[in-house]
Amino acid sequence: MRKAEVFLCLGCFLMVLLLFFNSSLTPALEPPGESSNGQKSRRSPLQALHDGDQVESAVQAVHQGRREVLEEACRSYTRKRRVLIPEDLKHVIVDDQHGLLYCYVPKVACTNWKRVLMVLTGVAGPIRDPLAIPANKAHIPGNLRALSEYSASQINQRLRSYLKFVFVREPFERLVSAYRNKFTRSYNTAFHKRYGTKIVQQHRPDPQPEALQRGNDVSFAEFVYYLVDPATQREEPFNEHWERVHSLCHPCLIHYDVVGKYETLEQDSRYVLQLAGVEDQVSFPASSKSTRTTGDMAAQFFQNISPFYQKKLYNLYRMDFLLFNYSIPAYLKFR
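Since the structure is predicted, the reported quantities are computational estimates derived from the model, not experimental observations. (Residues numbered from 1 in each chain as written. Predicted model: local features only at pLDDT ≥ 70, side-chain atom pairs only at ≥ 80, totals over all residues. Heavy atoms only, no water.)

Side note on the sheet that holds strand E1 (residues 92–95)
Strand pairing in a sheet relies on backbone hydrogen bonds. The paired strands run either parallel or antiparallel. Across the sheet, which stays open at both edges, the four strands sit in the order E1-E2-E3-E4 with mixed pairing between neighbours. A single partner strand is all that each edge strand has here, and the edge strands are E1 and strand E4 (258–261). Between one strand axis and the next, the sheet turns by 25 degrees as a mean value, whatever way the strands run. Both strand E3 (residues 163–168) and E4 contribute to a ladder of four bridges, which runs parallel. Counterpart to Val 166 in the pairing with E4 is Val 259. (Pairing = 2+ DSSP bridges. Helix = DSSP H or I, 4+ residues; strand = E, 2+ residues; numbered from the N terminus. Axes fitted to C-alpha atoms, helices over the stretch in contact; angles between N-to-C directions.)

Put into structure tokens, the structure is as follows:
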């Protein structure tokens, strides 16, 4: 009886061993530029970046400079490096067909970039014009895959072999843009209820019952008080629309190959599409907004913010200023 048990266990062990070797021999997902039969396919965006023959040298130099500034700032201002966890990668969108990883930042043209990626990944079906995709569809969860949805080995493979890019914006222009969009537009009732009522309750002396109920008249000063109040982040993380870029995209943990800027959106977007070899398949939508938030507009909003709170707010967003080489705005009074 014991011999039979021993042979049975041995048989089970050999079967498990066989399954392990079979699974380990299964070919991994191939990044663009490689094929299973050893033949060279199209060049990956990362290869195009390193080869440097796709784009004029002046553009390459600009982006090399941005990478160097970012790396130096990370060395200077980041004390401890830590390991990435899936939670860090929820904002990183994956395009497996073209070898792209895009970290989206709200209020930095992310709707249009999601539209472009929907066209490239085939999610948009026959639609080739990104602007033909309704804005609300671009933000439907599940339309585009996030890097956090992959296994650890798949995440590492993509971080090594895909082109990683992010678009950033002058921090206070982005913040004012978020405030204008979420708190001054009558249609954003969800934000008014979710955040406006709380801000009125906590940061307005003697609020009226209607304001407590609707939360639709939050002033920019009240929004600032809410942001710099330490209790705010103890209670819950910032909403993505005003969360700092370094907290959304972790640029000191992920080596971004392209750091695009909102101030040079069209040329930087064209650069990414050229590296991906898809500039003849899709175009990044040209901006036609005349109401978008500018530096002059941001200056007007900060006029009624005291130097004390300006300083507090700058300290809150300081890393975004430093990492992406934005100067302290001239309209700030605390210096």
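Picking up after the structure, the text goes on.
Points about the pattern of salt bridges
This model, assessed by the stated rule, comprises 15 salt bridges. Glu 72 is the salt-bridge partner of Arg 75, the closest N and O atoms lying 2.8 Å from each other. You can see Arg 75 and its partner Glu 72 sitting in helix H3 (residues 57–77), three residues apart, about one turn around the helix. In this structure Arg 75 comes out as exposed when scored by relative accessible area, which is 58%. Its relative accessible area of 39% is what places Glu 72 among the partly exposed residues. The residue Arg 214 makes a salt bridge to Glu 210 at a minimum N-O spacing of 2.9 Å. One end of the pair is Arg 214 and the other is Glu 210, both in helix H9 (residues 209–214) and four residues apart, which spans about a single turn. Exposure remark for Glu 210: the relative accessible area of 48% places this residue in the partly exposed category. Through salt bridges that share partners, Arg 194, Lys 198, Glu 235 and Glu 236 make up one connected network. (Salt bridge = Lys/Arg side-chain N within 4 Å of Asp/Glu carboxyl O. Buried < 20%, exposed > 50% of the residue type's maximum accessible area, 1.4 Å probe, protein only.)

Topic: the environment of Gln 274
Mapped onto the elements of the fold, Gln 274 is located in helix H13 (residues 265–275). The exposure class of Gln 274 is partly exposed, given its relative accessible area of 22%.

A few points about the state of the cysteines
In this structure the tally under the stated criterion is two disulfides. Each sulfur in the disulfide pair Cys 74 and Cys 252 lies 2.1 Å from the other. A torsion of -85 degrees about the S-S bond marks the disulfide between Cys 74 and Cys 252 as left-handed. You can see Cys 74 sitting in helix H3 and its partner Cys 252 sitting in the loop between helix H12 (245–249) and E4, a full 178 residues away along the chain. The class of Cys 74 is buried, set by a relative accessible area of 11%. The disulfide that involves Cys 103 links it to Cys 249, with 1.9 Å between the sulfurs. Residues Cys 103 and Cys 249 share a disulfide whose torsion about the S-S bond is about -90 degrees; that sign makes it left-handed. With Cys 103 in strand E2 (residues 100–103) and Cys 249 in helix H12, this residue pair connects regions lying 146 residues apart in the sequence. (Disulfide = S-S within 2.5 Å.)

Quick word on unusual backbone geometry
Here Ala 109, not a glycine, exhibits a phi torsion of approximately 60 degrees, which is positive. Residue placement: Ala 109 occurs in the loop between E2 and helix H4 (110–121). Since its relative accessible area comes to 16%, Ala 109 is described here as buried. The phi angle at Asp 206 is positive, at roughly 50 degrees, despite the residue not being glycine. With respect to the helices, strands and loops of the structure, Asp 206 is situated in the loop between helix H8 (189–203) and H9.

Observations concerning the side chain of His 63
Looking at where His 63 falls in the secondary structure, it is placed in helix H3. Using a relative accessible area of 2% as the deciding quantity, one classes His 63 as buried. A polar atom in the side chain of His 63 sits 3.3 Å from the side chain of Asp 268. Setting aside residues up to four positions removed in sequence, His 63 forms contacts with Val 258, Val 259, Asp 268 and Tyr 271. (Polar contact = N/O pair within 3.5 Å; in protein donor to acceptor, adjacent residues only side chain to side chain. Contact = heavy atoms within 4.5 Å.)

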